[in-house]
Amino acid sequence: MRAAVYKGIEDIEVEDIEKPHAGAGELLVKVKACAICGGDLRTYRFGHKAIKPPIVLGHEIAGIIEEVGEGIERYKIGDRVIVAPGIGCGECSYCLSGHQNLCYTRKTIAHHYNGGFAEYIKIPANAVRAGNVNFIPDEVDYLSASLAEPLACVINGQEALNIQLGDTVAVIGAGPIGLMHAELARSQGAGKVFLLNRSKKRLESAKPLGYDAYICTSEGDPVQEIMNLTNGMGANVVIVTAGSADAQNMGIKMTRKMGKTCMFAGLPKDSPNLTFDVNFIHYRQIAIYGTFSSAPRHNALAIEMIRSKKINADQILTHVVSLEDIGLGLDLVKNRAGLRVAVVPNLDEVKEDIARHPNLIVAKS
C-alpha cells in the first residue's frame, strides 16, 4: 500500500509499504481522509520526543472498515468510522472517569502506532476495546468527518469552562481551532463571540461566520477594545488558541471578575514560562484552565456536532491534497495558506464528498 512515511525532521516520503491486516480484536480501516494537524507539522519540522521514525503520521482519520478481526461484534465490514487517537489503559482513575487523555500510560495513534497518512490503517485491539472507533452518520461525508478529532479536543477544552447562556466569549486565534471554539461557544448559547487574531487576512476570511466583533491584535489595544465592548467588564470566558506568551497574557487581562481563561495552546519547549500579575488573578477571582487532547466520548460528540451543522465544516475545511502531495499540504499549513487541509489517499474515491464542499480547493503540485 502507499503511505507517507516520516523518516526524520523534514523528511517524509510516499512509498510502498506492507499492507496491514486485522488480527484478533483489531480493525483494518481504509482511509478516505486524514486532516493535517498543527502537531503533524511541528513533528515534521522539529521532531517529537515520543515519536521514533520511521512511522506514518496522521491522527485525524475518517475511513471505512475493510477487515474485522476475530472476536469483534460491534463493527462490521463497510461501516464508516472515525478514530480517536489517544488510547488509555482503561484501568486508571482518569480512564475510569472518562478522561483517557490524561492516562499516564496512554498510547497514541501516529506516535506509537502507524497513523492515517496511508491507504490503510490498522486499529489496535486496545483502541477497539476502549471505544476509540465511532461511527460516521449517513449525513456526514468523509472530509467533514476528518474534523471530528480536532473538534473533540475543542469540546474537551470547553467542558471545564461551562459556558452559560448569554456569556461573552473572546477567542484569541482565528485558525481552524479558534474558529471551532467560536462556533462551539455560540452553539452553547454564548450571547456574544469576539474573534481576535494578529493577521487581518485571517480575520477577514472568518467574517462570513458573523461573530460579534473582529479585533486585530497587531493594531491598537485589543484588551481595551474588549473592555469597550463589554462596558469595562471584560469577557466571561477567554480562550487562547495561540501558542504565544503575549496572547496568553492578553487573554488574562481581558477576563472579567470571576471569569475563566483557557490556555488551549502551550508555549515553545525552550521558553515555556509565563509571567503575569498574580494579584490581578487573585483579586478578580479569575480561574485559569489548561486543556490537552480529548477522550473517545468527546470524539463521539464531535461527529454529532458536525452532523447537526452546529460547526461550519465548509468554512474550516479549505484544502484537500492527494497522498502523493502531502508535502504540498504541509506547506499550506506552514504558510497558513488556508485553514484545515485534508490528505486523501485516493481523490477519485471522494469525488462526491469534494462536490459537497463548493469552496474547497483541491491543491496539486
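Preceding this paragraph is the structure being described.
These notes cover the structure that comes with them. Keep in mind that what you see is a predicted model, and the values were worked out from it rather than measured. (Residues numbered from 1 in each chain as written. Predicted model: local features only at pLDDT ≥ 70, side-chain atom pairs only at ≥ 80, totals over all residues. Heavy atoms only, no water.)

1. Examining the nonpolar core
- In this structure, Leu-143, Leu-151, Val-169, Leu-179 and Leu-195 are the most contacted members of the largest nonpolar core, which totals 53 residues.
- Residues contacting Leu-179, with those up to four places away along its chain left out, are Gly-173, Ala-174, Leu-195, Ala-206, Leu-209, Tyr-211, Gln-315, Ile-316 and Leu-339. (Core = buried A, V, L, I, M, F, W, Y, C linked by side-chain atoms within 4.5 Å. Buried < 20%, exposed > 50% of the residue type's maximum accessible area, 1.4 Å probe, protein only. Contact = heavy atoms within 4.5 Å.)

2. A closer look at the packing of aromatic side chains
- Tallying each qualifying case throughout the model produces 3 aromatic pairs.
- For the pair Tyr-94 and Tyr-104, a centre-to-centre distance of 5.9 Å together with 70 degrees between the ring planes defines the contact as edge-to-face. Here Tyr-94 is found in helix α2 (residues 93–96), whereas its partner Tyr-104 is found in the loop between α2 and β8 (107–108), with 10 residues between them in sequence.
- The exposure class of Tyr-94 is partly exposed, given its relative accessible area of 30%.
- Directly above the aromatic system of Tyr-120 lies the positively charged group of Lys-19, at a separation of 4.2 Å from the ring centroid.
- The ring of Tyr-142 has Arg-80 sitting right over it, with the charged end atom 4.6 Å from the ring centre. (Phe/Tyr/Trp six-rings, centres within 6.5 Å; stacked < 30°, edge-to-face > 60°. Helix = DSSP H or I, 4+ residues; strand = E, 2+ residues; numbered from the N terminus. Lys NZ or Arg CZ within 6 Å of the ring centre and 35° of its normal.)

3. Thoughts on the sheet that holds strand β15 (residues 255–263)
- Spatial strand order, β13-β12-β11-β14-β15-β16: 6 strands in an open sheet with parallel pairing. The open sheet has two edge strands, β13 (213–216) and β16 (287–290), and neither has a second partner. Mean inter-strand twist for the sheet, computed between neighbouring axes without regard to direction, equals 15 degrees.
- Helix-sheet contacts for helix α9 (residues 245–253) involve β11 (168–172), β14 (235–240), β15 and β16, and the interaxial angle to β15 is about 155 degrees. (Pairing = 2+ DSSP bridges. Axes fitted to C-alpha atoms, helices over the stretch in contact; angles between N-to-C directions.)

Don't take any of this as a statement about function, it's just geometry.
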